[in-house]
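For reference, the chains in residue letters:
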Amino acid sequence: MEVVVNINLDGATRLYLIIGDPIAQVKSPAGVTEALQAGGLNAICVPGHVAPTDLACFWNGMLRLQNLQGIIVTVPHKIAAADMVDKLTDRAAFLGAVNTIRRTSAGWEGDMVDGVGHVTALQKAGCVLEGKRALIAGAGGAGSAISHALVLGGISELAIHEKDVARRESLISRLASLGLAQVNPGNADPSGFDVVINATPLGMREGDALPFDATKLTPDMFVGEVITQPAVSPLVRRARQIGCRAITGIDMFVEVRDLMVDFLVQTEGV
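We now turn to the structure provided with this report. (Residues numbered from 1 in each chain as written. Predicted model: local features only at pLDDT ≥ 70, side-chain atom pairs only at ≥ 80, totals over all residues. Heavy atoms only, no water.)

Time to look at the overall build of the protein chain. Looking only at helices and strands, the protein chain features eight helices and twelve strands. For 270 residues, the compact-globule estimate of 2.2 N^0.38 gives 18 Å, and the protein chain sits close to it at 18 Å. With the C-alpha coordinates aligned to their principal axes, the bounding extent of the protein chain is approximately 55 × 40 × 35 Å. Of all 270 residues assigned to the protein chain, the portion counted as buried reaches 51%. When the accessible area of the protein chain is evaluated, it comes to approximately 11,800 Å², of which 53% is carbon and sulfur surface. When the 22 basic and 28 acidic side-chain charges of the protein chain are each reduced to a single mean position, those positions are 2 Å apart. (Helix = DSSP H or I, 4+ residues; strand = E, 2+ residues; numbered from the N terminus. Rg over C-alpha atoms; globule rule 2.2 N^0.38 Å. Buried < 20%, exposed > 50% of the residue type's maximum accessible area, 1.4 Å probe, protein only. Areas by Shrake-Rupley, 256 points an atom, 1.4 Å probe, with all protein chains shown as cover. Lys, Arg positive; Asp, Glu negative; His and termini not counted. Charge placed at Lys NZ, Arg CZ, Asp CG, Glu CD.)

Here the focus is the side chain of Ser 144. With respect to the element layout, Ser 144 can be found in helix 5 (residues 141-152). A distance of 2.7 Å separates the side chain of Ser 144 from the backbone oxygen of Gly 140, its partner in a polar contact. Those residues in contact with Ser 144 that sit more than four places away from it in its chain are Leu 95, Gly 138, Ala 139 and Leu 171. (Polar contact = N/O pair within 3.5 Å; in protein donor to acceptor, adjacent residues only side chain to side chain. Contact = heavy atoms within 4.5 Å.)

In spatial order, the strands read 9-8-7-10-11-12; together these six strands make up an open sheet with parallel pairing. At either margin of the open sheet sits one strand with a lone partner, and together these are strand 9 (182-185) and strand 12 (245-246). Judged from the two bridges that link them, strand 11 (residues 222-225) and strand 12 form a sheet pairing that is parallel. When the bridges of strand 12 are listed, Phe 222 appears paired with Arg 245. Running over the sheet, helix 6 (residues 165-176) touches strand 8 (157-161) and strand 9 and is turned about 170° from strand 9. Along the sheet, helix 7 (residues 234-241) makes contact with strand 10 (195-198), strand 11 and strand 12, crossing strand 11 at roughly 165°. (Pairing = 2+ DSSP bridges. Axes fitted to C-alpha atoms, helices over the stretch in contact; angles between N-to-C directions.)

Another aspect to go through is the pairing of strand 3 (residues 68-73). Burial analysis of strand 3 places six of its six residues in the buried class, the great majority of the element. Both strand 3 and strand 5 (residues 100-104) contribute to a ladder of three bridges, which runs antiparallel. Its bridge partner being in strand 5, Ile 72 is matched across the sheet by Thr 100.

Attention shifts here to helix 1 (residues 28-38). Structural remark: α-helix, 3.6 residues per turn; residues separated by three or four positions point the same way. For helix 1, the tally of buried residues reaches eight of eleven residues, placing the bulk of the element in the interior. Within helix 1, burial applies to Ser 28, Pro 29, Gly 31, Val 32, Thr 33, Ala 35, Leu 36 and Gln 37. Where helix 1 is buried, its residues contact strand 1 (14-20), strand 2 (43-49), strand 3 and helix 8 (249-265). Positive phi shows up at Gly 40, right after helix 1, with a value of about 90°.

To continue, consider the environment of Gly 207. Within the element layout of this structure, Gly 207 appears in the loop between strand 10 and strand 11. When its relative accessible area of 71% is taken as the criterion, Gly 207 is described as exposed. With 200 residues separating them along the chain, Gly 207 and Ile 7 place their C-alpha atoms 38 Å apart.

The structure is reproduced here in structure tokens:
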């Protein structure tokens, strides 16, 4: 993709926001702005730091901003934001979460592309999912989406490591209903799994515990990560040290960014 050096910004510029708490770690503002303007659109993406307690107030205000075309949603708002929109894609409705919201002639529509993006990044890096056993930490917005995409991608078994029992069991029930893979509760022990994925914020802060017992990682495992700051997370660094193949959160972001931009700008006929 061509990188835009000179960003067009004037009174006719259309606005896209990315909201989260925290927000300083996100890579979307520059990447999405470049993708939008490389596609010939007079539009930019800017970050917004929105606390969970302020989300409803924020949304009510943003509805009145007439040049707002869409919102990208990150931690911890992906589940709560699903209740803000007028319509959900089938995927977002199944997951009960969104990471991308667009304005259409019929109202605001939300989709969730984290899962497809992560699985695409895994596959491009050489990870084969068909018939494999996967372990994922996290059943929030990103974790749910990645779990869904793994099941659709052909894995034979998925274990979900999530401390919120109600959230974990709800996701297990929904995924099991698809009849495509065995889905069970998991824990921090990655022994015996082919694919091991962190879909939690663990690793963003100095001193965070690893989401898995790193002493039980083995070189034949493929490791996935969602956090983008630091660029190489403690989990990925440890995995690579022992010979695992691994993708970073930035690898995932590259794929997710293109999916988000496609969804945000393709409003015709909605």
